Amino acid sequence: MTDRVRVALLLAPALVILGGLFLGGLGVAALRSFGYMPILGLTEPNLDAYRTILTDTALWQSLGLSLYIAGTSTLISAVLAVAAALLIRSIGPGRRALTFLFQLNLTMPHLVGAIGVLLLLSQSGSFARLAFAAGLIERPGEFPALVYDRASIGIIVQYIWKELPFIGVIVLANMRGLGTAYENAARSLGASRWQAVRHVLLPMILPGTAAASAIVFAFVFGAYEIPALLGTHFPQALPVLAYDTFTDPDLTRRPEAMAMAMLITAVSALLIWAYMRLLRVGAR
Amino acid sequence: MIWGKRLAALVLATALLLPLVPLAVWSFARGWRFPDLLPQAWSLRAWAYTFGDISGALGAFWQTTLIACATTVIAMAVGVPAGRALGLARFGGKAMVYLLVLAPVIVPGIATALGLHAVFLRLGLTGSVSGVVLVHLVPVLPYVILVSASLFANYNLDYERQARSLGASAWQAFWQVTRPQVAPGLVVAALFAFLVSWSQYILTLLIGSGQVQTLPLLLFSFASSGRNDIAGALAILYILPGILILLASSRHLAAGTATLGRT
């Protein structure tokens, strides 16, 4: 058996399953987004679904909301993750405990964090009760709306809670791989501790951090259950709008849901491109 | 300076644990109205309800376990060989294979699942456990392939070559020489693959068509209908496997965690 045949045999089952499910799923969604549904006698592909959704302001508001949630959550998580990794690296006692808490957090489903955030931040939640005890408010309604709110504070807080440890674990592994030799060299040439971090360490961990952030952005942008639980009824996050359109009793709206799925895919395709570029830069 | 760091570390640790606190307290609360800082009375009612027949929680727990186990077994069976090829061999089109494996990690599941729903409906797979297992493979299989590829990339093939030169067959060389060395990493990969399936929500909701009841679906419905006590108990039950898996595998974690966050 030649090596090429061996490699092909090792890869074939996984690629058939993955290709069938992933490319098949996206392919069918694409066909339906063009209104191609032979079962219903629709065999003339058209752009009606795209025309309908792209002329609807609700779609643009949903797209904007999802980009805002994903962008804000990713940026804050990445900055805090680098800071937390620097902190964990520099403390002696407690380093293992904090690393364990990061790993523990990685095993938690997002939904659990979302319910926890809901119980903490809602207008009758733990923080509102503390505010009452401190005499700051007299009724739940006086507590600022942090869930089901226009600024999506609750959603963003839950994503930071989940994604800070995710990026943090990657940054920590990255730092461990680099060791301290480069920073020591900079220090011996007269750099201050902060200068060594700022001009030597940070540029080296940037590609890995950015690649992890691209994964986080794509995930947050396309996630359903968190905005479904903690979000406003209008505008809805794009995945929530797509799901609601899909489950609309009016079946002729399904191509619109598929067109939204294509829009979500297009945004994530950009992120795949960014991810692969970043890691190639990182490998150099 | 040192006190500043300790304070920052304490704040970080508190923030990481804080959302779990009200969940645990609610699960033992009997009436906990605004503005009380602690419940008026403590009770095991939510837990009794959770483990009773009406809630369906135990059924959902086993259903979720069954789906996650089946997904993991299939993903390991086909994903580990692929990971070995990707991690060790050089071949034409490797970049394309890598792209196909990476894409499902980044493209949101809802986009794929909306299309798959139509196909599965035709095949009679919507509303069935096997349909849900298949759709869970979309995030789980790439995870297994990527983790095992990075495991094999760090493995030195010379060991296997030496065994071959001493007369071992290809299978003997793999089973007796390579397997013991990659086994701990693969066990961690399998445990975390289980967790990736365990955490799925929208894929189960779409393909299960509401007929395949898993723990996250049940948890969501109790949380959104304001039953905080039962949601608290269910949430604790829901995170237990993850905690057990972490404790069991914390020695070998390096391979698993980095790609995990997508659960």
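Looking now at the overall build of chain B. A tally of helices and strands in chain B yields 13 helices and two strands. When its C-alpha atoms are laid out on the principal axes, chain B stretches across 75 × 65 × 30 Å. Buried positions account for 50% of the 263 residues belonging to chain B. Contacts in chain B between residues at least 24 apart in sequence constitute 75% of all its contacts with a sequence separation of at least 6.

Quick look at the confidence of the model for chain A now. Averaged over every residue, the pLDDT of chain A is 92; residues scoring 70 or more account for 98%. Considering each helix and strand of chain A separately, the mean pLDDT is smallest for helix H12 (residues 254-283) of chain A, with a value of 86, and largest for helix H5 (residues 110-121) of chain A, with 97.

Tallying the contact residues gives 79 residues for chain A and 76 residues for chain B. With 20 residues, helix H1 (residues 3-33) of chain A is the largest single contributor of residues to the side of chain A that touches chain B. For the side of chain A that touches chain B, the residue count by class is 57 nonpolar, 16 polar and six charged.

All right, on to the environment of Glu183(A) then. Positionally, Glu183(A) belongs in helix H8 (residues 181-188). Beyond its immediate stretch of four places on either side in the chain, Glu183(A) contacts Ala196(A), Val200(A) and Leu201(A).

The linkage connecting Phe234(A) with the following residue, Pro235(A), adopts the cis geometry, with an omega of -5 degrees. Looking at the element boundaries, Pro235(A) is found in the loop between helix H10 (225-230) and helix H11 (238-246). For Tyr148(A), which is not glycine, the phi dihedral falls at a positive 55 degrees. The residue Tyr148(A) is located in the loop between helix H6 (126-133) and helix H7 (153-178) in this model. The backbone of Ser209(B) shows a phi angle near 50 degrees, a positive value even though the residue is not glycine. You can see Ser209(B) is positioned in the loop between helix H10 (202-208) and helix H11 (215-224). Among the residues examined, Ser209(B) registers 17 C-beta atoms within 10 Å and is labelled partly exposed.

This part is about the environment of Ser209(B). Spatially, the C-alpha atoms of Ser209(B) and Leu121(B) are 10.0 Å apart, while their sequence positions differ by 88 residues. Sequence-distant contacts of Ser209(B), that is, excluding residues within four places in its chain, are made with Thr126(B) and Gly127(B).

We now examine the packing of H1(A) against helix H5 (residues 94-106) of chain B. Where H1(A) contacts H5(B), the two axes come as close as 11 Å, and the packing angle between them is 50 degrees. With respect to each other, H1(A) and H5(B) are oriented oblique. The handedness of the crossing between H1(A) and H5(B) comes out as left-handed. On the side of H1(A), the interface is formed by Leu11(A), Leu15(A), Leu18(A), Gly19(A) and Phe22(A), while H5(B) contributes Val97(B), Leu100(B), Val101(B), Ala103(B) and Pro104(B). In terms of residue class, the contact of H1(A) with H5(B) is built from nine nonpolar, one polar and no charged.

Time to look at the nonpolar core. Ranked by size, the top nonpolar core spans 173 residues in total, and within it Ala242(A), Ala261(A), Leu114(B), Val144(B), Ala193(B), Leu219(B) and Leu234(B) carry the most contacts. Here this core gets 16 residues from one element, more than from any other, and that element is helix H7 (residues 129-153) of chain B.

Each value, and the rule that gives it
- Residues numbered from 1 in each chain as written.
- Chains lettered and ligands numbered in written order.
- Predicted model: local features only at pLDDT ≥ 70, side-chain atom pairs only at ≥ 80, totals over all residues.
- Helix = DSSP H or I, 4+ residues; strand = E, 2+ residues; numbered from the N terminus.
- Buried ≥ 20, exposed ≤ 12 C-beta atoms within 10 Å, placed from the backbone.
- Contact = placed C-beta atoms within 7 Å.
- pLDDT = per-residue confidence, 0-100.
- Nonpolar A, V, L, I, M, F, W, Y, C, P; charged D, E, K, R; others polar.
- Axes fitted to C-alpha atoms, helices over the stretch in contact; angles between N-to-C directions.
- Parallel < 35°, antiparallel > 145°, perpendicular 65-115°, else oblique.
- Left-handed = near helix turned anticlockwise from the far one by under 90°.
- Core = buried A, V, L, I, M, F, W, Y, C linked by C-beta atoms within 7 Å.

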